[in-house]
Amino acid sequence: MIITIANQKGGSGKSTLCLNLATKLLLENQDVVVLDTDVQRSIETFVNIRVDKNIKCFSLFNRTGNITDTIKQMIPKYQNIIIDTKGEDSLESRKAMLISDLVIIPSTPSQLDVAVLNEMFKRVGEIESINENLKACVVMNRIPPVKYLREKEAMREFILENKESFDIELLETIISERISLKRCVSDGFSIFEYNDEKAKKEFCKFYQEIYEKFFKEKTTQSLKIG
């Protein structure tokens, strides 16, 4: 399974989502590698902390530019490949989506993020016309944990209205903005290894949803091919 996490705007929580998803797959005893195409190399910091603490971690490669050959070399070696991209419409992001099975678009409830979503939908639509196997979904991420938040509801309505002409699914799971997500990463832990049960429950729900909707289908297809 090749997963690209992308959003043309920075600050949507791509790297946090990436490292938590990668660690969850690792905890599920699945083989996983992360390809970080962002020059900030924030995931490398997380990996280094785990290595220093002698905590098992996923494999990590940092690459920029034409990453297609790198991904192709990874495919026979790793069960799951997760690609973290820059907060812009980058060459790496397009190359990654062209070869991916799934694109996850995290988006926050700010007006700027919502405005960028339309461009992301168009970009994914263009890629889907080439990569016919590509699936795409949006996850509402870094949402203030308030039950009735006007911006949250407005964002949901915007996504549902504007994604209609594109094959993109809005996940039911909503991931809240929590201080524990920053603290656990600073300590070299994923949220699945931390003591915030509410945050852990949200990420477990997110993992279960994408597993049921995308991983199972991919596994079934592989079995049929085999």
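This text follows the structure it describes.
Okay, so let's go over this structure. All values derive from a computational prediction rather than experimental measurement.

1. So, the sheet that holds strand S3 (residues 59–62)
Then step 1. Ordered in space as S3-S2-S4-S1-S5-S6-S7, the 7 strands form an open sheet in which the pairing is parallel. Of all the strands in the sheet, just S3 and strand S7 (169–176) have a single pairing partner and so form its edges. Going from strand to strand, the sheet's axes swing by 20° on average, the running direction of each strand aside.
Then step 2. The sheet contact formed by strand S1 (residues 2–5) and strand S4 (residues 80–84) spans 4 bridges and is parallel. Bridge pairing in S4 links Ile5 to Asp84.

2. A closer look at the layout of surface pockets
In this approach, a probe sized like a water molecule rolls over the atoms, and the result shows the empty space that is left.
Then step 1. Here the largest pocket is characterised by a volume of approximately 600 Å³.
Then step 2. Along the wall of the largest pocket there are 29 residues; nearest its centre are Gly13, Lys14, Ser15, Thr16 and Ser42.
Then step 3. For the lining of the largest pocket, the secondary-structure elements that each account for two or more residues are helix H1 (14–27), helix H2 (42–52), strand S6 (135–143), S7 and helix H7 (179–186).
Then step 4. Of the residues contributing to the lining of the largest pocket, the split by class is 9 nonpolar, 14 polar and 6 charged.

3. Things to note about the packing of H1 against H2
Then step 1. As a packed pair, H1 and H2 sit with axes 9 Å apart at the nearest point and diverge in direction by 40°. Relative to H2, the element H1 lies oblique. For the pair H1 and H2, the crossing hand works out as right-handed. Between H1 and H2, the contacting residues are Ser15, Cys18, Leu19 and Thr23 on the first element and Ser42, Ile43, Phe46 and Arg50 on the second.
Then step 2. Looking at the contact of H1 with H2 residue by residue, the classes come out as 4 nonpolar, 3 polar and 1 charged.

Basis of the calculations
- Residues numbered from 1 in each chain as written.
- Predicted model: local features only at pLDDT ≥ 70, side-chain atom pairs only at ≥ 80, totals over all residues.
- Heavy atoms only, no water.
- Pairing = 2+ DSSP bridges.
- Helix = DSSP H or I, 4+ residues; strand = E, 2+ residues; numbered from the N terminus.
- Axes fitted to C-alpha atoms, helices over the stretch in contact; angles between N-to-C directions.
- 1 Å grid on protein atoms, 1.4 Å probe; cavity = no way out; pocket = protein on both sides within 12 Å on 5 of 7 lines; lining within 4 Å.
- Points joined across faces, edges and corners; volume = space filled by probe spheres on them.
- Nonpolar A, V, L, I, M, F, W, Y, C, P; charged D, E, K, R; others polar.
- Parallel < 35°, antiparallel > 145°, perpendicular 65-115°, else oblique.
- Left-handed = near helix turned anticlockwise from the far one by under 90°.
- Contact = heavy atoms within 4.5 Å.

Note that every value here comes from positions in space, so none of it alone points to a role or purpose.
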